[in-house]
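Below, each chain spelled out in residue letters.
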Amino acid sequence: LGVLSVIVGLALQDSLGNLAAGMFILIYRPYDVDDAVSAGGVVGVVKAMGLANTTIVTFDNRRLYVPNRKIWQEVIENRSTEAYRRVQLGLRISYREDLHAAQQRILELLNDHELVLAEPEPTVFVKDLGDSWLELAVWPWATTENWWAASTQLPAALKVGLEQSGIAMPVPRREIAMVADDGPGEPESIT
């Protein structure tokens, strides 16, 4: 009877853990049905919440049943609760460009875009100094429902706007020196 109790206890351990976690999720409501979440290592939209598991449909349309114990033990990110979200973009400009003028033009393009919010204000700053360019961080804000559209539309809009303004967006550049050995004498350098 003792051995049987241990076996049953071990077999039910996961199920009881899922039920307890499910109760906590239903009581504290860190997310609700139709919220976009990152939970239990899964990113998608919550379709159903139960005591044992949560049904999440991923953005590439896979239906996953995630055990509540796994969700409750990890960080839960609810991407639907805030009214607006920051879009994080990166741009490269040449060292030859006027940094201040480029930043001003980027801000103008952002302020003219219909998906970018005026408040909080967009931010543009130098993030890194690359080998052949300045790496700019571009942080506009959009409403939560427009965040994905802004994330996908803004890179192309900024590229076109900068090109029309004559601001170059460089590509990686490498200089390779080759030495040709033509026998006796000095080797010739070819660039």
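Attention in this report is confined to the structure presented alongside it. Model, not experiment: these values are computed from the prediction.

What counts as what
- Residues numbered from 1 in each chain as written.
- Predicted model: local features only at pLDDT ≥ 70, side-chain atom pairs only at ≥ 80, totals over all residues.
- Heavy atoms only, no water.
- Helix = DSSP H or I, 4+ residues; strand = E, 2+ residues; numbered from the N terminus.
- Expected span 1.5 Å × (residues − 1).
- Buried < 20%, exposed > 50% of the residue type's maximum accessible area, 1.4 Å probe, protein only.
- Arc of directions from axis to C-beta.
- Pairing = 2+ DSSP bridges.
- 1 Å grid on protein atoms, 1.4 Å probe; cavity = no way out; pocket = protein on both sides within 12 Å on 5 of 7 lines; lining within 4 Å.
- Points joined across faces, edges and corners; volume = space filled by probe spheres on them.
- Nonpolar A, V, L, I, M, F, W, Y, C, P; charged D, E, K, R; others polar.
- Axes fitted to C-alpha atoms, helices over the stretch in contact; angles between N-to-C directions.
- Contact = heavy atoms within 4.5 Å.

## Considering helix α3 (residues 99-112)
Part 1: Counted at 1.5 Å a residue, the expected span for α3 with its 14 residues is 20 Å, and the 20 Å between its end C-alpha atoms agrees.
Part 2: The set of residues buried in α3 consists of A102, Q103, I106, L109 and L110. Axial view of α3: buried residues confined to an arc of 125 degrees, hence all on one face. Facing away from the buried side of α3 by over 90 degrees, the exposed positions are H100 and D112.

## Some remarks on the sheet that holds strand β4 (residues 63-67)
Part 1: Read from one edge to the other, the open sheet built from five strands follows the order β4-β3-β2-β1-β5, with strand pairing classed as antiparallel. Looking at the sheet topology across the chains shown, the edges are occupied by β4 and β5 (77-78).
Part 2: The sheet contact formed by strand β3 (residues 53-58) and β4 spans five bridges and is antiparallel. Bridge pairing in β4 links V57 to R63.

## A word on the layout of surface pockets
Part 1: Estimates place the volume of the largest pocket at around 240 Å³.
Part 2: Lining the largest pocket are A36, F59, R79, R85, T144, E145, W147 and W148.
Part 3: A class-by-class count of the residues in the lining of the largest pocket yields four nonpolar, one polar and three charged.

## A word on the sheet that holds strand β8 (residues 123-129)
Part 1: The strand order across the open sheet built from three strands is β7-β9-β8, with neighbouring strands paired in antiparallel fashion. Since the sheet does not close on itself, it has two edges, and those belong to β7 (89-93) and β8, each with one partner. Strand-to-strand twist in this sheet, taken as the mean axis angle between neighbours without regard to direction, amounts to 30 degrees.
Part 2: Sheet analysis places β7 next to strand β9 (residues 134-139), joined by five bridges and oriented antiparallel. What sits directly across from I93, in β9, is L134.
Part 3: Packing of α3 onto the sheet brings it into contact with β7, β8 and β9, and relative to β8 it is tilted by some 135 degrees.
Part 4: Its contacts with the sheet place helix α4 (residues 147-164) against β7 and β9, and it is angled at close to 15 degrees to β7.

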